[in-house]
Every structure is written in structure tokens, then in C-alpha cells.
Amino acid sequence: MAAPEQAGVERGLAWLTAPRLWLVVVLGAIGAMQLAIAPNAIDLAYHVKAGALMVDSGSVLRTDVFTWPTAGQPWLDQNWGAQLLLYGLWRLGGFQLIAVVNALVTVVAWGLVAAACRRYTANLRVIAGAVLAGHVGALFIFAARPQMFSVLLFATELYVLELARRRPRALLALPLLMAVWVNLHGAFVIGLAVIGIDAVVALVRRDLRAAGRLLLAGTASGAALLVNPWGFGVLRYVTGLAGNPEVTAGVTEWAPANLRDPAGVALLLSLGVLVVALVRSDAPARAADQLARVVPLALLALWTARAGVWFGLALPLALTVLARERPARPAAEDRAPPVMAGTILLVVALAITVAAPGVRERLVPGVASRPALGTAPVAATDWLAAHPQPGRMLNHQSWGSYLEYRLGPEVKPAVDSRIELTPADFWSDYYAIITGRWDAQRLLDEYGVTHVIIDAEETPHLVADLEASADWRLAFAHRDERVYVRR
């Protein structure tokens, strides 16, 4: 009886050739890595809260309801569509479901990139290696936040543009893509730029038909960007955000890539792979179309590390074009032994299962449970919820999003992750306070701050000032979380 069953298993695994196995392992590893990382509250929690407020009110948020320095002022909430989606996921399964969907979106995005690479090579080993190199370059940028939708949409755009080389009608999908994208995340400008780059390349090659189609698709996509609650205003917002000095100075991801940051190291490694592929290529000119895309994206990623994700997603296409094509091996030689293929699939499935939120703790007794959210002052926020404080709060900036999710909009922190919204003058005073400058106490008095929630490890000078002051007392402490209130 065992022989027929074994034969059936072997037939079932016959499709899994060694090259396909490489691709399955790479995509599975990407999924497992994404699942293993807990979502971070900084760029996620307030989005969920904003989605909840929009559902309750039945309208898009147009003024700030979260922080007291800017309360009531106009707020162009460009991520409103993503916030509704994230809130819907949260309602269905909390932050754990958001983490799972983010991992799924990431794997699907890389799968689309791999499918686009098939136009240039049938060698799945090369494609798997190229996808791995691209993911390394963007490894530290993927996260559960509105950008996850841009990751999927950008990968979809790359696939559509490659498909359109054979089937021009595929370009009809781009305006629809942009109409959705503009309401989810600001990276739609990158997507529009890539269409423009492809149109310019077609003009340089004197392929007037392709250039005309791309220009028409680009024009229609540009018009589709107006399908948002703010019209042209959304373009001014996104372009202004990238050039805001407070953003570039206050957010690591917006700063230029550097070797002191893991994301910068990963990006430079991927750039190194591209350089090696160019040097080793027997015909680099054939990759001109892809290099016209990936080089500007690489320069953008060097200027701001946050853009590494777009470079990473575009890189595999360039690498597959540059790779030396080898004759296809006979199918019999490429077939993976069923036992090995089954074992590897089992290992990948086990890694994904163990990495899934909430599963590891059930499978391995005694293992510490992973928090549902990172960068979340849960204990201090619980205390504030049980002991509401009148007046104004000054908070650790990284905790603002979580405080808004738990306590807002009734309780308003001073700052959150929307750095572009807070005036530069207030940021200057805020940094003076948290660094314990000589006039920190005066500034706290001027702003009427009645309670402070801070990270003792990150702001030791402010902690020392408040401890030494007769005007403040420590009301709550848990690990590095501190809450001080006026006496």
C-alpha cells in the first residue's frame, strides 16, 4: 500500500524542479522574515485610529485632531484610503492580521517582480538570486504601514510595463492603478516617474509607437491622480514632504544612506551586486532600458534611504537582463529529488508557521510572547488611561502614534510621526526640552505642559531635570517608561 502512495507524492512534487525550488525558498524566506517582525506603532497605530475616526464620522479627516500644537489646523491626510484598509484589517484580526497581510503583500509583490523577470530569462535560479539581491537592498524598509500598499502597486506597475512590451493594451491598467495609488500612499509620484522614464527611453530608441503609447498612458495616469479629495493639492503635499528639512533631519529613513545604518549597508550591498553584474555582463547595452529605471532609483535611494524599496524592487529586472543566459538543462537533470523537495518545502512551511504572530508561543512552551506592536509604551498609556491628566502632555516623539491610538483624540500628545505637520519653531523648542537645555523648564511653563511621558533611556537629561525640579513629581515608572506630573 505504501508504494502507490509514495508514487503519488513523487508525482505531486514532479513540478517542483530545482530552479522552482530556489524561487519558492526565496519567496518563503521573505514571507517568514516579514512575519517574524512585529509591526511598529510609530507609522501604524495612528493610521488605524484615523481610519476608525473616519468610519465613525463618515468623512475624510481634513483638520488635525491628534496633537495639541496643530489641533484644528488643516491636515492633508493623503493616506486616508490606506487608513481605512488598515482599520478594516485591525477590526477583523487586530495588529496580528495586519502583520500577516503585510507579509502576504510583500511576497506577492516579489512574486510579480519575479514574473516580470521571466520576460528576460527562463532561468529561475537567476531570477531567485536577483529577487534575493533586491530584497537585501530594501530589507529594512518593508513594514506594516501605508507604504505596504505602495510596494504592491509599484511591483504591479513594473509587471504591467513589462507585459505591455508584448501586449500594449496592458497599459490601460496604469491610470486605474494611479487612481487607487494616489489615495493610499505618496509613492505614486515614483510610479508616475517610471512611466515617464520608459517613455523617454522609447523616444531615444526611436520607437515612436511605444513612446506614444507610454506618453498617452502617462498623461492619463497623471489625470487619474486628480481622483482624490484634494485634487492638485496632493501633489504639492507629497513633493513638499520630500523637501521638508524637519523630515529629513528628524527621520532616519528620510536621511541619505550611510554605512552607520543597517539600511544603508544593505543598500550598498545591492548596489555592489549591480556593479558586479555590469562588469561581468557580456552585453551591458541590452540592459539599457532597465538601467534607465534602476540608476535614477539608486540615486534616489542614496539621497534618501526610504527610497531603497523602489530601487530594490526594480533591481531584479536589471540583473536578469545583465545575466549571461546559459542553455537550458534537460528537464530530467533539473528535477529535484522528491525527498529533498518535500523536506525543503516542509522547512519553509515550518519557518512561516513559527514566524506567524501568536503561533510560536503556542508551539514552544516557555517562549516569551512577542508584543503585538513595537515602540509602544503600553504600561504608561494604561496608567494614563486609568489616571486621566488635565492640561497638555509632552511626549516622547516615537510614542505619539501609540498614544493617539489608545487615548486620542480626547487626549492629545505634543508630537507624533507626522513631522511635516508640526511647525519648525515648535520642533526647535521640543528638542531643547528633551535634551535638557538650560531653558527647558521655562519652555515647559510657556507651553503650559502639565504632564510628561518620556523614555528615560532616550531622554536622560530631561529626566534629570524633572527629578531635580521641585515643580515635578514622578507619577509612574515601568522599565524606561516615565510619567511626570506637576505638583
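Whatever comes next refers back to the structure up there.
The structure presented is a predicted model; accordingly, all values stated were derived computationally and were not measured.

## Examining a nonpolar patch on the surface
Then, in step 1: Among the surface-exposed residues, Leu259, Val265, Leu268, Leu269, Val295, Leu299 and Leu302 lie close enough to one another that they form a single nonpolar patch of about 600 Å² accessible area.
Then, in step 2: Mapped onto the nonpolar patch, the elements with two or more residues apiece are α12 (262–280) and α13 (288–303).
Then, in step 3: Tracing the backbone through its elements, the reader meets Val265 in helix α12.

## A word on the packing of aromatic side chains
Then, in step 1: Enumeration over the complete set of coordinates arrives at 15 aromatic pairs.
Then, in step 2: Judged by centre distance (6.1 Å) and plane angle (70°), the rings of Phe66 and Trp75 are edge-to-face.
Then, in step 3: Classification of Phe66 by relative accessible area gives buried; the value is 0%.
Then, in step 4: Taking the centre distance of 5.9 Å and the plane angle of 50° together, the rings of Tyr402 and Tyr405 count as tilted. Taken as a pair, Tyr402 and Tyr405 lie in helix α19 (residues 400–407) at a separation of three residues, close to a single helical turn.
Then, in step 5: Taking the relative accessible area as the measure of exposure, Tyr405 reaches 18% and is therefore buried.

## Things to note about the pattern of salt bridges
Then, in step 1: Applying the stated criterion across every chain, the model contains 16 salt bridges.
Then, in step 2: In this structure, the salt-bridge partner of Glu162 is Arg119, at a minimum N-O distance of 4.0 Å. Of the two residues, Glu162 is situated in helix α6 (residues 147–163) and Arg119 in the loop between α4 (80–117) and α5 (124–137); the sequence distance between them amounts to 43 residues.
Then, in step 3: Overall, Glu162 belongs to the buried group, its relative accessible area being 2%.
Then, in step 4: Across the pair Asp207 and Arg205 runs a salt bridge whose closest N-O atoms are separated by 3.7 Å.
Then, in step 5: Among the charged side chains, a network of salt bridges with common partners joins Arg119, Glu162, Arg165, Asp198, Arg205, Asp207, Asp289 and Arg293.

## Remarks on the side chain of Thr70
Then, in step 1: Position of Thr70 among the secondary structure elements: in the loop between α3 (45–57) and α4.
Then, in step 2: Assessed through its relative accessible area of 1%, Thr70 is described here as buried.
Then, in step 3: A distance of 2.7 Å separates a polar atom in the side chain of Thr70 from a polar atom in the side chain of Thr67.
Then, in step 4: When near neighbours in sequence (up to four residues on either side) are disregarded, Thr70 contacts Asp64, Leu421, Thr422 and Pro423.

## A few points about the side chain of Lys49
Then, in step 1: Here Lys49 shows up in helix α3.
Then, in step 2: One buried charged residue, Lys49, forms no salt bridge at all, with the nearest opposite charge on Glu410 at 5.5 Å.
Then, in step 3: With residues up to four places along the chain from it excluded, the contact list for Lys49 reads Phe66, Glu404, Tyr405, Gly408 and Pro409.

## A word on the packing of α13 against helix α14 (residues 308–322)
Then, in step 1: Interhelical geometry of α13 versus α14 gives an angle of 150° and a closest axis separation of 9 Å. Overall, the two elements α13 and α14 adopt an arrangement that is roughly antiparallel. Considering how the two elements wind past one another, α13 and α14 form a crossing that is left-handed. Along its contact with α13, which presents Gln290, Arg293, Val294, Leu297, Ala298 and Ala301, the element α14 presents Gly308, Trp310, Phe311, Ala314, Leu315, Leu317, Ala318 and Val321.
Then, in step 2: Of the residues that constitute the contact of α13 with α14, the class distribution is eleven nonpolar, two polar and one charged.

Procedures and definitions
Residues numbered from 1 in each chain as written. Predicted model: local features only at pLDDT ≥ 70, side-chain atom pairs only at ≥ 80, totals over all residues. Heavy atoms only, no water. Patch = residues over 30% accessible without salt bridge, like charges linked within 9 Å, V, L, I, M, F, W, Y side chains within 5 Å. Areas by Shrake-Rupley, 256 points an atom, 1.4 Å probe, with all protein chains shown as cover. Salt bridge = Lys/Arg side-chain N within 4 Å of Asp/Glu carboxyl O. Helix = DSSP H or I, 4+ residues; strand = E, 2+ residues; numbered from the N terminus. Phe/Tyr/Trp six-rings, centres within 6.5 Å; stacked < 30°, edge-to-face > 60°. Buried < 20%, exposed > 50% of the residue type's maximum accessible area, 1.4 Å probe, protein only. Polar contact = N/O pair within 3.5 Å; in protein donor to acceptor, adjacent residues only side chain to side chain. Contact = heavy atoms within 4.5 Å. Lys, Arg positive; Asp, Glu negative; His and termini not counted. Axes fitted to C-alpha atoms, helices over the stretch in contact; angles between N-to-C directions. Parallel < 35°, antiparallel > 145°, perpendicular 65-115°, else oblique. Left-handed = near helix turned anticlockwise from the far one by under 90°. Nonpolar A, V, L, I, M, F, W, Y, C, P; charged D, E, K, R; others polar.

Taken by themselves, the reported measurements are silent on function.
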